[in-house]
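Topology and contacts: notes
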2 protein chains.
Amino acid sequence: MSRVPAGLWQNLIAVQVYGANTGVGKTVFSTLLGAHFVKRAGRTRWSLHYIKPVSTGPAGEADDRYVRKYTGLSVSTLFKFRDPVSPHVAARSADHIPSDDHLNQRLYAKLKNDARAYSMARGHMGVAIIETAGGVLSPGPSGTPQADIFRPMRLPVVLVGDHRLGGIASTISAAESLIIRGYDIDAVICFDDGGKYENSQYLQGHFDKMGILAFELPWIPDLVGLSEIEEKEAMRGYYDTWSRQGRMFKVARRIIDRHIERLASMNNLARRTKKSIWHPFTQHKSIEKADDILVFDSAYGDYFQTKHTGRSMNSVDHVGEVPLLYPAFDGSASWWTQGLGHGNPQLSLAAAYAAGRYGHVMFAGATHEPAITLAERLLVGLENPRLTKCFYSDDGSTAAEVGIKMALRAACKRYDWDGSKEDIGILGLKGSYHGDTIGAMDASEPCVYNKKVDWYRGRGHWFDFPTVKMRKGKWLIESPAGMEEEFGPAQYFGSLDEVFDFEKRGRSPRYEKYIESLLDKIVKEQRRKFGALVMEPIILGAGGMIFVDPLFQRSLVQVVRNYPFASPASPTSTALEEDPHTWTGVPVLFDEVFTGLYRLGRFSSASFLQVHPDISIHAKLLTGGLLPLSVTLASESIFQAFWGDEKADALLHGHSYTAHPIGCHVANKSLDAMRELGGGYAWRGYQRNWAVADANGSSEWEEKLTMRAPAQDSIWSMWSKKYVTELSHHPRVDHVFAIGSVLVVSLTDKSGSGYTSNAAIGLRDALLNDVSNTRVSVHSRVLGNVIYLMASMTSKPGHLVAVEDALLQKLNAKVVDGD
Amino acid sequence: MSRVPAGLWQNLIAVQVYGANTGVGKTVFSTLLGAHFVKRAGRTRWSLHYIKPVSTGPAGEADDRYVRKYTGLSVSTLFKFRDPVSPHVAARSADHIPSDDHLNQRLYAKLKNDARAYSMARGHMGVAIIETAGGVLSPGPSGTPQADIFRPMRLPVVLVGDHRLGGIASTISAAESLIIRGYDIDAVICFDDGGKYENSQYLQGHFDKMGILAFELPWIPDLVGLSEIEEKEAMRGYYDTWSRQGRMFKVARRIIDRHIERLASMNNLARRTKKSIWHPFTQHKSIEKADDILVFDSAYGDYFQTKHTGRSMNSVDHVGEVPLLYPAFDGSASWWTQGLGHGNPQLSLAAAYAAGRYGHVMFAGATHEPAITLAERLLVGLENPRLTKCFYSDDGSTAAEVGIKMALRAACKRYDWDGSKEDIGILGLKGSYHGDTIGAMDASEPCVYNKKVDWYRGRGHWFDFPTVKMRKGKWLIESPAGMEEEFGPAQYFGSLDEVFDFEKRGRSPRYEKYIESLLDKIVKEQRRKFGALVMEPIILGAGGMIFVDPLFQRSLVQVVRNYPFASPASPTSTALEEDPHTWTGVPVLFDEVFTGLYRLGRFSSASFLQVHPDISIHAKLLTGGLLPLSVTLASESIFQAFWGDEKADALLHGHSYTAHPIGCHVANKSLDAMRELGGGYAWRGYQRNWAVADANGSSEWEEKLTMRAPAQDSIWSMWSKKYVTELSHHPRVDHVFAIGSVLVVSLTDKSGSGYTSNAAIGLRDALLNDVSNTRVSVHSRVLGNVIYLMASMTSKPGHLVAVEDALLQKLNAKVVDGD
């Protein structure tokens, strides 16, 4: 995966020439285009550069020589292989096979040089013609299809169509392969075949409907039987005549126009956004300046392709032209959703397949294969014998509402409560958060998110709890201020594994006693009614990235499941015998929207607690980070609470796009891919890094990738142990932790902590905008005094190390708080 | 668009052979496959049929003759053209150009005959090899790309790869074009090129990762310079040798296995679904039998491809084998979402483009082109000068919650109410419904949907209102029972246009007085506080498809906007001068989730009322029926209520996938397509049909397609005026109405009306399962005693007429209520 900027400059048009097939005239077109610009009159002076990234075949027949011969253009070939075969075959016999990244870096360096040179003179504009090899998906030297290799730069494309019989099909298919990879096709070219197959007429009509201009160009002279001199003469005449001709003007005009449109679009987006967009979770007064809005041209792998703002431009040490776009590491994994990289071609194809096979289809009383397969996969993957049923909805918040409706009905039905008249609350943890719809909000304690929501009514009781953190190199469990008496003094642990070693830690009479006495107070004394325990396992996300002592969560479940919330208290022994997985006490709901599906390195975050909830909700990573879909999984005893003769007894919930096939199919493909990552070597290096006894760990990832996996249940993170430990000693840091793909840094903040703290904002802005001393720009989100970073499941160690370095560098710099 | 069943039979394997390009060996492979099955030993007897749907070129060189020559197979060519060019060019000089539908019907008839014949003998199995022409997307006779023409039958595909230089790229691209159209590729074949380009090795690796098996077959002998006899000898040897060879066994095995898998999958889906799926809005006790669950193999255009159940099988008058799947008209437009047809290749490609370009990207404080373009398009399209801002969320319910939060905050802020302590309600209509999350539920009056939801607390007051209906050929506006005194006696109208002619109808002092006095009672006497008027314009959907008198809705808005809900009552004159679009009284929220975006034939349903709401919410049709996305649009004065120094003052709402690029980009493409339909000739026939003075209308659609459009503001429907009128006279019908794509039939029900009525269920089941006397099976949904039908925006008149006929036929039949 490359970290090159997208290829957009003010005064350099870099256009990539792809062919619908080999032998369709890519080089002839490139030559014609070059010759046209050489001769083009007007106020703009055009500088040309022809670049062939990969060339195969003998030097004498190379495309670069050909182009130079007829145009005098400056030409470059980045990698040459002698065999006249596909680059992936040719490269094998070479000394060195360039990686995809290497190829991109070399190409980018060339273009950057051009842009710099052209920027020196006013009224001067550059055109770089990058001619690819073979067809759109022909493998590059590494074996990766070409259109995938060059995707990070996302250069605009001219597609040279196939004029031969069958060429209509191959040209449209080639265009579709480019489109599903997120490329913009500026123009399709088709050489005239003398009217035999009428390909270009058809293609013009077809592409016109797609908003893509297609042009017919005159076919090259027949060279059969000509001598070398005659051939040169004929072709020189061809290029001379046609490069000045109206049709080529139109093609060039189109390329120039699209460049201008792209520049205008990038320049206008922030202004347009300010005018018409109401941002989520955003105080608009704080983004009054246009520079405050981040503009994304596209995204690739772990990176956004982001527009430079005044702020980021100032921080770049440059001479001459810099690109208008730069890659920024997506450090919040796009609000915790991202799993398999932006612009992932497999997921893109999966989305299109389901769209093509179904579109969306009705799900009430009906079914389709992707939905049932996903349900089964989740039910199996969670390894929770209680769960048997899967209910689909659209996001974490709706899934939470569904889960709460399920739990409350089950409790009210068993205990014969009337929820429509009595107040039935839920039990939870302070600082928990389950979504933004009113019902999900009501399940959270009053906090900054909901306090100004007029219909919010906190319905429940939320417990205090001790938290896990690393401070100055030591893992510890600490009580909240003033609760030392209840939870005891800070406990220290040698590793995260020890924190989760429940065999060794045993049960906690202290925790259980605390919970029981509180329940006695609210249930027995105050006679309040409760219908569910609702919790995010391990980490409370939106509440401030708080790592809960897992033993406390275990204790809570244990106590609640045995507590008499009503009388008769629990299911009869017959009921328990009939269904040993029936809920007891109140139904236990785990909100794994953030923590589940590999975010913390495991399929389920409940597995860390070794607890089986009665209801489990999942979203975010479910589709690998592509589009909204959520599920609420439930046990049979919950499901049975809605069984009855009346339709009104049913769970009358269901959004229009319930179990939409695109979401389900993409989720299946994502879970496949993530399981493969988990089962393969991809995370071994990370796992080893955390498994070694040495508390300092090591950041030498690459060597360890092939080593054996550590014990299944060890806790690990993608962020290096050594780095995390180092951070925990930093004077600006109160504490840190890392688990799975998540790194959390809590800053010391003299002005008080919490959501309203500004301590982390300066750091966040510096990470994004000031790249003067770092290798990478990082987009991150903060929660009060907490800054967190999140990797995707496919993040590579080298990239994460650069992000770690950037964070440390900014922490060390003098940053004005609240800038 | 075709209405053929999908091609799946118990004992006929119909496989479609596509080529990655022309000249790659499709016919050689088809011959080899045929020869293999001819010689295949085992317990099964194989009957073979080679079908060439379209053939071009001289008869002597035709593929069917070639295949017969070497295999003795029964062969058929459906359409022959003499010119050796693409079918779309060749067909032009023919007498008759077969339509796509004609092609499908002919092909389907052949396959059906085969299936019937083979089903006669036990242990007998048929294979039909359908060889396409040229490449995957080569145009058929009509000009439509082949893979699009044959999509309704969705036959499994063997893709013959290209063995030549460049063939890797063209083979993968061809496969991608098939996949984005929802095809399943059973196998990819590549002929050996003697190891020169290693295409088949590469392709095997590539497709293996996608779960598609790729096979290498030996290349055909070099025939250059051979005499006809020598050539025949050489090829006979080739087919003789290789058809018995292990590699062909593997290919055939794969095809057979995939057929068995497909059968098993179709047979198991209902059982698997029963085990693991919790359906939306479904009383599971009512779908206890496996046959109760509808299984969709796929969908195309307006049709589901549905598995025959015992019930539907019984009703089919057949001899021998019937297909396992049949097309059922999607009469609820998949819960009101469907707009541009299932499996629409343009939307599929649009989804993939956005996935490829962005994946999902963070939207808080950031922006991307599809989101801002969609926001602008909606703000312009609604032609509501009040609306300036667009907030994204995931479904109608979340959009409603967002709208309610906006309105309440604006009201509370201006009137200095404390919503966290005081009860602030909303005003609405009885029977309205805005979604299934608790907040959206709270905005509806108590009803069957919410009465058992434990956290539901209806917060508001809901008005009675008169309704519009056609009864016995007459349009009338009728009061609810017992409200005649308030609303007056029934009023009759000559047409729907008259109902909406507000100039003629004027203001209604009666309505206004009723509303004012009720407001006086609840606001002045009972001192209740209200923060919004929330309404579905024109039709209350989930509440039972109730057509509200538009003048009543206008009156309600008018009165509410002038009513003093607090003192000081309204914005100061300075505020109104500064912003003439500021809200007054309480903010007015229109829920257009069901009624908007062309569902009723117009971009906005507010336009029917000629009223500009302060907040407008949209979902469902927004993405053309592909995937979840919703918006809440608001005015500047609403937006300003969240402006402040504190983050807590902001609208702290935002789902992870807010403004996901796939949804936004697909929505842009959908709105483009729908606007084009509206502006073009597509709906002219429908519009004319309703515009003609003759109350009986006409169903002769086709002739009128090119006629001039009727007046812009006329009311029209896709369901014919004559038919609707006829229905309104039916003895089993209480009343009907049709507007835009919606047809609503309210049945007489002696046992009482409403959601719990069973009157329409028998009708619904008959429409789906009993196709003995109708041309089409129809999947519909009922709401109590109401059955409704909905077309997509692309439905063709001929198809709707068949649906109309089916409904009438079932109404006439003796159907047992509540069967």
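Computed from a predicted model, the values in this text were never measured in an experiment. (Residues numbered from 1 in each chain as written. Chains lettered and ligands numbered in written order. Predicted model: local features only at pLDDT ≥ 70, side-chain atom pairs only at ≥ 80, totals over all residues.)

Moving on: the environment of Arg457 of chain A. Residue and element names in this part refer to chain A. Locating Arg457 in the fold gives a position in the loop between helix H15 (438–442) and strand E14 (460–463). The exposure class assigned to Arg457 is partly exposed, which follows from the 15 C-beta atoms found within 10 Å. Between the C-alpha atoms of Arg457 and Glu131, which are 326 residues apart in sequence, the distance is 63 Å. (Helix = DSSP H or I, 4+ residues; strand = E, 2+ residues; numbered from the N terminus. Buried ≥ 20, exposed ≤ 12 C-beta atoms within 10 Å, placed from the backbone.)

This next bit is on the relation of the copies chain B and chain A. Expressed as a screw operation, the relation of chain B to chain A combines 0.0 Å of axial shift with a rotation of 180°, fitting to an RMSD of 0.0 Å. Both copies of the chain, as the preceding transformation shows, are related through a two-fold rotation axis. A share of 99% of the interface residues of chain B reappears at the interface of chain A, consistent with the copies meeting face to face through the same patch. (Least-squares fit on C-alpha atoms with pLDDT ≥ 70 in both. Contact = placed C-beta atoms within 7 Å.)

Right, let's talk about the pairing of strand E10 (residues 325–330) of chain B for a bit. All names here are of chain B. Burial within E10 is extensive, with six of its six residues counted as buried. One ladder, built from five bridges, connects strand E9 (residues 303–307) with E10; its direction is antiparallel. Across the sheet, the residue bridging to Thr306 is Tyr326, located in E10. Examined bridge by bridge, E10 and strand E26 (residues 777–779) share three bridges and lie parallel to one another. Across the sheet, Ala328 pairs through a bridge with Ser777, a residue of E26. (Pairing = 2+ DSSP bridges.)

This next bit is on the domain arrangement of chain A. Taken as a whole, chain A is organised into domain 1 (12–264), domain 2 (345–662) and domain 3 (684–812). A straight line from the C-alpha centre of domain 1 of chain A to that of domain 2 of chain A covers 55 Å. (Domains from an automatic or database assignment.)

Below, the discussion takes up the interface of chain B and chain A. Taken residue by residue, the interface counts 147 residues in chain B and 146 residues in chain A. The element contributing the most residues to the side of chain B that touches chain A is helix H12 (residues 345–357) of chain B, with 10 residues. Its residues assigned to classes, the side of chain B that touches chain A comprises 71 nonpolar, 52 polar and 24 charged. As paired strands, strand E11 (residues 366–368) of chain A and strand E8 (residues 294–300) of chain B are joined by three bridges and run parallel to one another. Pairing of Thr367 of chain A across the sheet is with Val295 of chain B, part of E8 of chain B. (Nonpolar A, V, L, I, M, F, W, Y, C, P; charged D, E, K, R; others polar.)

Working definition: the strands of a sheet are paired by backbone hydrogen bonds and lie parallel or antiparallel to each other. The mixed open sheet is built from five strands, whose spatial order is E26(A)-E10(A)-E9(A)-E8(A)-E11(B). What marks the edges here is a single partner per strand, and that holds for strand E26 (777–779) of chain A together with strand E11 (366–368) of chain B. Between one strand and the next, the sheet's axes are offset by a mean angle of 50°, whatever the strand orientation. (Axes fitted to C-alpha atoms, helices over the stretch in contact; angles between N-to-C directions.)

This part covers the confidence of the model for chain A. Residues and elements named next belong to chain A. With 94% of its residues at a pLDDT of 70 or more, chain A shows a mean pLDDT of 92. Predicted confidence for residues 695–709 stays below pLDDT 50, and this span has 33 contacts to residues more than four positions away or in other chains. The model gives residues 815–819 a pLDDT under 50, and that stretch makes 14 contacts with residues more than four places away or in other chains. As a predicted assembly, this complex carries a pTM of 0.96 together with an ipTM value of 0.96. (pLDDT = per-residue confidence, 0-100.)

Residues and elements named next belong to chain A. The strand order across the open sheet formed by seven strands is E12-E23-E22-E21-E18-E13-E14, and the pairing between neighbours is mixed. The open sheet terminates on both sides in strands that have one partner only, identified here as strand E12 (387–393) and E14. Within the sheet, the average angular offset between the axes of one strand and its neighbour, ignoring direction, is 20°. Here four bridges tie strand E13 (residues 424–429) to E14, and the two strands are oriented parallel to one another. Paired with Leu427 across the two strands is His461, which belongs to E14.

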